[in-house]
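Architecture at a glance
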Amino acid sequence: MEDEVDRLVSAWRTERPELDVQPLHVLSRVSRLSRHLDRARRAVFAAHEMESWEFDVLTALRRAGAPYQLNPGQLLRATLVTSGTMTNRIDRLTAARLVERHPDPADKRGVQVRLTDVGRARVDAAFSDLIDRERELLAALSDTEQKQLAGLLRTLLVPFDL
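Rules used in this analysis
Residues numbered from 1 in each chain as written. Predicted model: local features only at pLDDT ≥ 70, side-chain atom pairs only at ≥ 80, totals over all residues. Heavy atoms only, no water. Pairing = 2+ DSSP bridges. Helix = DSSP H or I, 4+ residues; strand = E, 2+ residues; numbered from the N terminus. UniProt positions renumbered as here; feature names shortened; annotations may be inferred. Core = buried A, V, L, I, M, F, W, Y, C linked by side-chain atoms within 4.5 Å. Buried < 20%, exposed > 50% of the residue type's maximum accessible area, 1.4 Å probe, protein only. Contact = heavy atoms within 4.5 Å. Patch = residues over 30% accessible without salt bridge, like charges linked within 9 Å, V, L, I, M, F, W, Y side chains within 5 Å. Areas by Shrake-Rupley, 256 points an atom, 1.4 Å probe, with all protein chains shown as cover. Salt bridge = Lys/Arg side-chain N within 4 Å of Asp/Glu carboxyl O.

- The chain goes by MarR family transcriptional regulator in an unreviewed UniProt entry, where it is assigned to Actinocorallia herbida.

1. Some words on the sheet that holds strand β1 (residues 69–70)
- As summarised here, the arrangement of the three strands in space is β1-β3-β2, forming an open sheet in which the pairing is antiparallel. Looking at strand neighbours, the two that pair on one side only are β1 and β2 (99–104), the edges of this open sheet.
- The sheet contact formed by β2 and strand β3 (residues 107–115) spans six bridges and is antiparallel. The partner of E100 across the bridge, within β3, is R114.

2. Describing the UniProt feature "domain: HTH marR-type" (unreviewed entry) in the chain
- Mapped onto the present numbering, the UniProt feature "domain: HTH marR-type" (unreviewed entry) falls on residues 23–158.
- In residues 23–158, helix accounts for 70% and strand for 12%; the two terminal C-alpha atoms are 18 Å from one another.

3. Considering the nonpolar core
- One finds F55, L58, L61, L75, L93, V99 and L115 to be the most contacted residues of the largest nonpolar core, which totals 22 residues.
- The set of elements that each furnish at least two residues to this core consists of α2 (23–47), α3 (52–63), α5 (83–95), β3 and α6 (117–137).
- Examining the composition of this core, we find that six residues originate from one element, α3, more than from any other.
- Those residues within four positions of F55 in sequence are excluded, and the remaining contacts are F45, M50, V123, A126, F127 and L130.

4. Here's the deal with the pairing of β3
- With two bridges connecting them, β1 and β3 associate as antiparallel partners. Residue pairing for β3: Q69 is matched across the bridge by R114.

5. What to know about a nonpolar patch on the surface
- Residues V26, L27, V30, L149, L153, L156, L157 and F160 make up a contiguous nonpolar surface patch of about 740 Å² in total accessible area.
- Tallying contributions element by element places helix α7 (residues 143–161) first for the nonpolar patch, with five residues.
- A relative accessible area of 46% places V26 in the partly exposed class.

6. Details of the pattern of salt bridges
- This model, assessed by the stated rule, comprises twelve salt bridges.
- Residues R7 and E2 are paired through a salt bridge, measuring 3.4 Å at the closest nitrogen-oxygen approach.
- The class for E2 is exposed, based on a relative accessible area of 54%.
- Where salt bridges share partners, they join E2, E4 and R7 into one cluster.

And the structure:
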């Protein structure tokens, strides 16, 4: 079975035979798979009238557990965006009534961002559909193969997460 990456690698071996293009076998597939996964995720989010960035913020709050709140700094770390971007996102989610701002009892100048019931219902539905779609995408791999792949990808990602 040949895929687009095999054709790409073959072309580079012809054009640049002096280079070892072996990394393309893995990383080009990861890159292409990432694009396909992004499209599938966007389709799920669109079905729930949600953008990817909204899902990121709402799931960070949902994962925090009851009462489903974090301060903006914690949201920054969870979503890897700048403070200006996060402020804009919180403003937009507040306007959509998906989150609320509450005073932070531990910091008189700070706020806590809390998921509303509407936000929780919306993100729970989107997350359930996302898991179903991702399960479909992985159906070609056995449970053992999925665990092996997850372990290998973890090895590659850990240095970036330190």
